Amino acid sequence: MANPVPMAEIWRGDFLESVHHGHAVICDDSGQIVEAWGDPQAVVLPRSSSKMIQALPLVESGAADAYRLWDEHLALACASHNGAAIHTERVQGWLDHIGRAEDDFRCGAQEPRDIEMRNALICSGKEPCQIHNNCSGKHAGFLTLNRHLGAGSEYVEISHPVQQACLEAFEDVCGEESPGHVVDGCSAPNFAVSLQGMARAMAYFAAAEERPGVRAEAAVRLRRAMVAYPELVAGEGRACTELMRAAQGRVALKTGAEAFFIAIIPERKLGVALKITDGSTRGAECAIAAILVKLGLLDANHPATLKRMNAPIRNWRGIETGVIRRAAGFC
């Protein structure tokens, strides 16, 4: 990824201590670039920022309706959740509802990010299971689609009908052929694409009401579910949840591992994709907040914004020692 630009800076007193560089693209509903920083053709791995695309086959196939899934289920299908009780109880209920068990998952066990749940497991002497995995909602969606299709149990294999459906949807909404895939942290395939392609896909979701067909209808349902249940998409204290609340339903947001971020903006029919090249989450959160402030979708002085952009850095005694802010010339 050549020629990234400075997006977020760490200042300690009068000294510029660190700089996070990256690439970002804003696309309109025709897929054209409205604004870009760095290289819009940089090939990226969107990681969990692509979950709403991976959930499209769940809805458009009729599986979601066949198993009477609610918007809460659809939000979880797009989630990288904290593993809190509000997440795990719903995922367990979803599995029960479709006649599947935790052993049917292929995402792997993960210690929950939620401190209350983590402490409860420790105190009870229990080990975390696959339901605690931050991707368990996505995998519940995969299992639901898989049961609807009547396909084999190894649904994360690239040749499996579930993943082939995901690939077809991914290439369609991105408007380009993926150059390949990797195995993600949850063992599912993650497809590479240009940054513009990912922004184009998010613009597809943003303007889906004006598009024909069941895929567009699925995109609308998934986007609306994310905005309706921001606490399920991530969790308390997380940027996706807090910034969606701060934007008051005007934006759907999703982070991805290694400092990826997307935004879906229906009122402007815009899609945003962003990648910080050093993989720093703090850099990605600062940069996406800066873009949303620039677009008039976030108040720069909202506490959720100030937590990520112009945010104080404090030491262990609570003394303010520095600040993270958008880089000069960015946004």
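This one's a predicted model, so the numbers in the text were calculated from it and none came from an experiment.

Engineer: In this structure, what is going on with helix H9 (residues 195–206)? I would like to understand it.
Structural biologist: Three- or four-residue spacings in an α-helix give side chains the same orientation, since the helix completes a turn every 3.6 residues. For H9, built from twelve residues, the straight-helix expectation of 16 Å at 1.5 Å per residue is met to within 8% by its first-to-last C-alpha distance of 17 Å. Within H9, eleven of the twelve residues are buried, leaving the element largely enclosed by the surrounding structure. Among the residues making up H9, those that are buried are Leu195, Gln196, Gly197, Met198, Ala199, Ala201, Met202, Ala203, Tyr204, Phe205 and Ala206.

Engineer: Help me out: how do you make sense of the pairing of strand S3 (residues 33–37) in this one?
Structural biologist: One face of the sheet, then the other: side chains in a regular strand alternate in exactly this way. Pairing between strand S2 (residues 15–27) and S3: four bridges, direction antiparallel. Pairing of Val25 across the sheet is with Ala36, part of S3. In this antiparallel pair of consecutive strands, S2 and S3, the connection spans five residues, and Gly31 shows a positive phi of 90°.

Engineer: I would appreciate a short explanation of the nonpolar core in the present structure.
Structural biologist: The nonpolar side chains of soluble globular proteins are, as a tendency, buried together. Of all hydrophobic cores here, the largest spans 108 residues; its most connected members are Ile53 and Phe205. Ranked by residues supplied to this core, first place goes to H9 with nine residues. Ignoring anything within four residues of it in the chain, the contact list for Ile53 reads Ala169, Phe170, Val173, Cys174, Met198, Ala201, Met202 and Phe205.

Engineer: Got a minute to help me understand the packing of H9 against helix H10 (residues 214–228) in this structure?
Structural biologist: Angle between the axes and distance between the axes are the two parameters that describe a pair of packed helices. At a closest axis distance of 8 Å, the pairing of H9 and H10 adopts a crossing angle of 85°. For the element pair H9 / H10, the angle class is roughly perpendicular. Facing Tyr204, Phe205 and Ala206 of H9, the residues of H10 in contact are Arg215, Ala216, Ala219, Leu222 and Arg223. A class-by-class count of the residues in the contact of H9 with H10 yields six nonpolar, no polar and two charged.

Engineer: What is the right way to look at the environment of Val25 in this model?
Structural biologist: In this fold, Val25 is placed in strand S2. Taking the C-alpha atoms as reference, Val25 lies 13 Å from Pro46; in sequence the two are 21 residues apart.

Engineer: What should I look at first to understand the pairing of strand S12 (residues 320–326) in this one?
Structural biologist: Of the strand pairs in this sheet, strand S1 (residues 5–12) and S12 are connected by four bridges, and their pairing is antiparallel. Opposite Trp11, over in S12, you have Val323 as the bridge partner. Bridge count between strand S11 (residues 311–314) and S12: four bridges; the pairing is antiparallel. Looking across to S12, one finds that Arg314 is bridged to Glu320. From the end of S11 to the start of S12, which pair antiparallel, there are five residues, and Gly318 there has a positive phi angle of about 85°.

Engineer: Would you explain the pattern of salt bridges in this entry?
Structural biologist: Between side chains of opposite charge, a pair can form when the charged atoms approach closely. Under the criterion given, the structure shown has 19 salt bridges. Between Glu72 and Arg90 there is a salt bridge, with its nearest N and O atoms 2.7 Å apart. Pair noted here: Glu72 is in helix H4 (residues 71–77) and Arg90 is in helix H5 (residues 85–98), with a separation of 18 residues, a long-range link. For Glu72, a relative accessible area of 18% gives the class buried. Judged by its relative accessible area of 30%, Arg90 falls in the partly exposed class.

Thresholds, definitions, all that
- Residues numbered from 1 in each chain as written.
- Predicted model: local features only at pLDDT ≥ 70, side-chain atom pairs only at ≥ 80, totals over all residues.
- Heavy atoms only, no water.
- Helix = DSSP H or I, 4+ residues; strand = E, 2+ residues; numbered from the N terminus.
- Expected span 1.5 Å × (residues − 1).
- Buried < 20%, exposed > 50% of the residue type's maximum accessible area, 1.4 Å probe, protein only.
- Pairing = 2+ DSSP bridges.
- Core = buried A, V, L, I, M, F, W, Y, C linked by side-chain atoms within 4.5 Å.
- Contact = heavy atoms within 4.5 Å.
- Axes fitted to C-alpha atoms, helices over the stretch in contact; angles between N-to-C directions.
- Parallel < 35°, antiparallel > 145°, perpendicular 65-115°, else oblique.
- Nonpolar A, V, L, I, M, F, W, Y, C, P; charged D, E, K, R; others polar.
- Salt bridge = Lys/Arg side-chain N within 4 Å of Asp/Glu carboxyl O.

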